[in-house]
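Close look at the chain arrangement
Listed below are the residues making up each chain.
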Amino acid sequence: GAVVSQHPSRVICKSGTSVKIECRSLDFQATTMFWYRQFPKQSLMLMATSNEGSKATYEQGVEKDKFLINHASLTLSTLTVTSAHPEDSSFYICSASFNYNSPLHFGNGTRLTVT
Amino acid sequence: GQQVMQIPQYQHVQEGEDFTTYCNSSTTLSNIQWYKQRPGGHPVFLIQLVKSGEVKKQKRLTFQFGEAKKNSSLHITATQTTDVGTYFCAGCFEEGAQKLVFGQGTRLTINP
């Protein structure tokens, strides 16, 4: 069964609004979670590393004020796309692993459409 | 920057034919992982390779890690329609780290 739960699976919002995406690790604690973005027929691009209890680490070119990450507990990380624009439309996927020796488990992803 | 190059981008085969996808990094990897993503789905872990020259098999799938730990390949023997999807390699550059850099993926389509 799923070990990482992501919600919502789909969201359509109007330009200028903010959208929050949740990523939960089920039955295990994840001090680190990862947020990826995937455009149609393209690869997964790491956006940021979410660290429990501390600030997220953003990859180069990712606006931290645009993509707010909060990892308030050992089982939950949230990604908020602020003031969304049509170019933010994409597939956002989170992932987590049991520990650094374990593979990543991905959530089902969130397909965001900004109109 | 740290990059993992993967080829080919697309591969179309007849059912029963073999399929191979290749990944290459300019710098040594700590480990490399392979994932499969079905259309509309999320990546699913297939395997992790850690040791230089490692070869692992899963039924019709054979995974190899190069001696220099800079390249890897996935070979599928006698493809079946269930093999359809995009195969990604993902390299880890730091030992003890979880951060992965994904290759561009190879999208496999199969003619039944």
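Residues numbered from 1 in each chain as written. Chains lettered and ligands numbered in written order. Predicted model: local features only at pLDDT ≥ 70, side-chain atom pairs only at ≥ 80, totals over all residues. Heavy atoms only, no water.

Let's shift gears to the overall build of chain A. Broken down by element type, chain A carries 0 helices and 11 strands. Scanning chain A from its N terminus toward the C terminus, one meets helices and strands in the order β-β-β-β-β-β-β-β-β-β-β. For 115 residues, the compact-globule estimate of 2.2 N^0.38 gives 13 Å, and chain A sits close to it at 13 Å. Each of the three principal axes of chain A carries a C-alpha extent, and together these read 40 × 30 × 20 Å. For chain A, buried positions account for 50% of its 115 residues. In chain A, of all internal contacts separated by at least 6 residues, the share reaching a separation of at least 24 is 52%. Here chain A displays about 5,800 Å² of accessible surface, and carbon together with sulfur accounts for 50% of that area. (Helix = DSSP H or I, 4+ residues; strand = E, 2+ residues; numbered from the N terminus. Rg over C-alpha atoms; globule rule 2.2 N^0.38 Å. Buried < 20%, exposed > 50% of the residue type's maximum accessible area, 1.4 Å probe, protein only. Contact = heavy atoms within 4.5 Å. Areas by Shrake-Rupley, 256 points an atom, 1.4 Å probe, with all protein chains shown as cover.)

With that settled, consider the sheet that holds strand β6 (residues 55-58) of chain B. Residues and elements named next belong to chain B. The strand order across the open sheet formed by 5 strands is β1-β3-β8-β7-β6, and the pairing between neighbours is antiparallel. Strands with a single pairing partner mark the edges of an open sheet, and in this sheet they are β1 (4-7) and β6. Adjacent strand axes in the sheet meet at a mean angle of 15 degrees, parallel and antiparallel pairs treated alike. The sheet contact formed by β6 and strand β7 (residues 61-65) spans 4 bridges and is antiparallel. Each bridged residue has a counterpart across the sheet, and for K56 the counterpart in β7 is F63. (Pairing = 2+ DSSP bridges. Axes fitted to C-alpha atoms, helices over the stretch in contact; angles between N-to-C directions.)

On to the environment of R37 of chain A, then. Residue and element names in this part refer to chain A. Note that R37 resides in strand β4 (residues 32-38). Between the C-alpha atoms of R37 and K55, which are 18 residues apart in sequence, the distance is 19 Å. Setting aside residues no more than four positions away along its own chain, R37 makes contact with S43, L44, M45, M47, F67, E87, D88, S89, S90, F91 and Y92. At 2.8 Å, the side chain of R37 forms a polar contact with the backbone oxygen of E87. (Polar contact = N/O pair within 3.5 Å; in protein donor to acceptor, adjacent residues only side chain to side chain.)

Between side chains of opposite charge, a pair can form when the charged atoms approach closely. One pass over the structure, following the stated rule, counts 5 salt bridges over all chains. Its salt-bridge partner being K99 of chain B, residue E59 of chain A comes within 3.1 Å of it at the nearest N-O pair. One end of the pair, E59 of chain A, is in the loop between β6 (57-58) and β7 (67-73); the other, K99 of chain B, is in the loop between β9 (85-92) and β10 (101-102), on a second chain. (Salt bridge = Lys/Arg side-chain N within 4 Å of Asp/Glu carboxyl O.)

Summed over all chains, the structure comprises 2 disulfides over all chains. Bridging C23 of chain A to C94 of chain A, the disulfide has an S-S length of 2.0 Å. On the sign convention where negative means left-handed, the S-S torsion of about 80 degrees between C23 of chain A and C94 of chain A marks this disulfide as right-handed. In this pair, C23 of chain A sits in strand β3 (residues 19-25) while C94 of chain A sits in strand β9 (residues 90-96), placing the two residues 71 residues apart along the sequence. Each member of the pair, C23 of chain A as well as C94 of chain A, carries the same accessibility label: buried. Sulfur-sulfur distance for the disulfide between C23 of chain B and C89 of chain B comes to 1.7 Å. (Disulfide = S-S within 2.5 Å.)

Our next topic: the interface of chain A and chain B. Each partner contributes residues to the interface: chain A has 21 residues there, and chain B has 18 residues. Taken together, the two surfaces of chain A and chain B that pack against each other cover about 1,600 Å², and 55% of this comes from carbon and sulfur. Put simply, chain A and chain B have 1 salt bridge between them. For the pair chain A and chain B, the number of links is 6 residue pairs in polar contact (both at pLDDT 80 or more). Where the side of chain A that touches chain B is concerned, the elements lending two or more residues are β4, β5 (44-51) and β9 of chain A. Here the residues of the side of chain A that touches chain B sort into 10 nonpolar, 9 polar and 2 charged. (Buried area = accessible area lost by both parts, 1.4 Å probe. Nonpolar A, V, L, I, M, F, W, Y, C, P; charged D, E, K, R; others polar.)

Our focus in this paragraph is the sheet that holds β7 of chain A. All names here are of chain A. Reading across the sheet, the 4 strands line up as β1-β3-β8-β7 and stay open at both edges, with antiparallel pairing between neighbours. The open sheet has two edge strands with one neighbour each: β1 (4-7) and β7. Put simply, the sheet's adjacent strands are angled 15 degrees from each other on average, direction ignored. In this structure, β1 lies alongside β3, joined through 4 bridges in antiparallel fashion. Opposite V4, over in β3, you have S25 as the bridge partner.

Residue and element names in this part refer to chain A. Judged by which residues are buried, strand β2 (residues 10-13) turns out to be one-sided: V11 and C13 face inward and are buried, whereas R10 and I12, on the alternate face, are not. Both β2 and strand β11 (residues 110-114) contribute to a ladder of 4 bridges, which runs parallel. Among the inter-strand pairings, I12 is bridged to a residue of β11, identified as T113.

Geometric descriptors of this kind do not, in isolation, establish any biological role.
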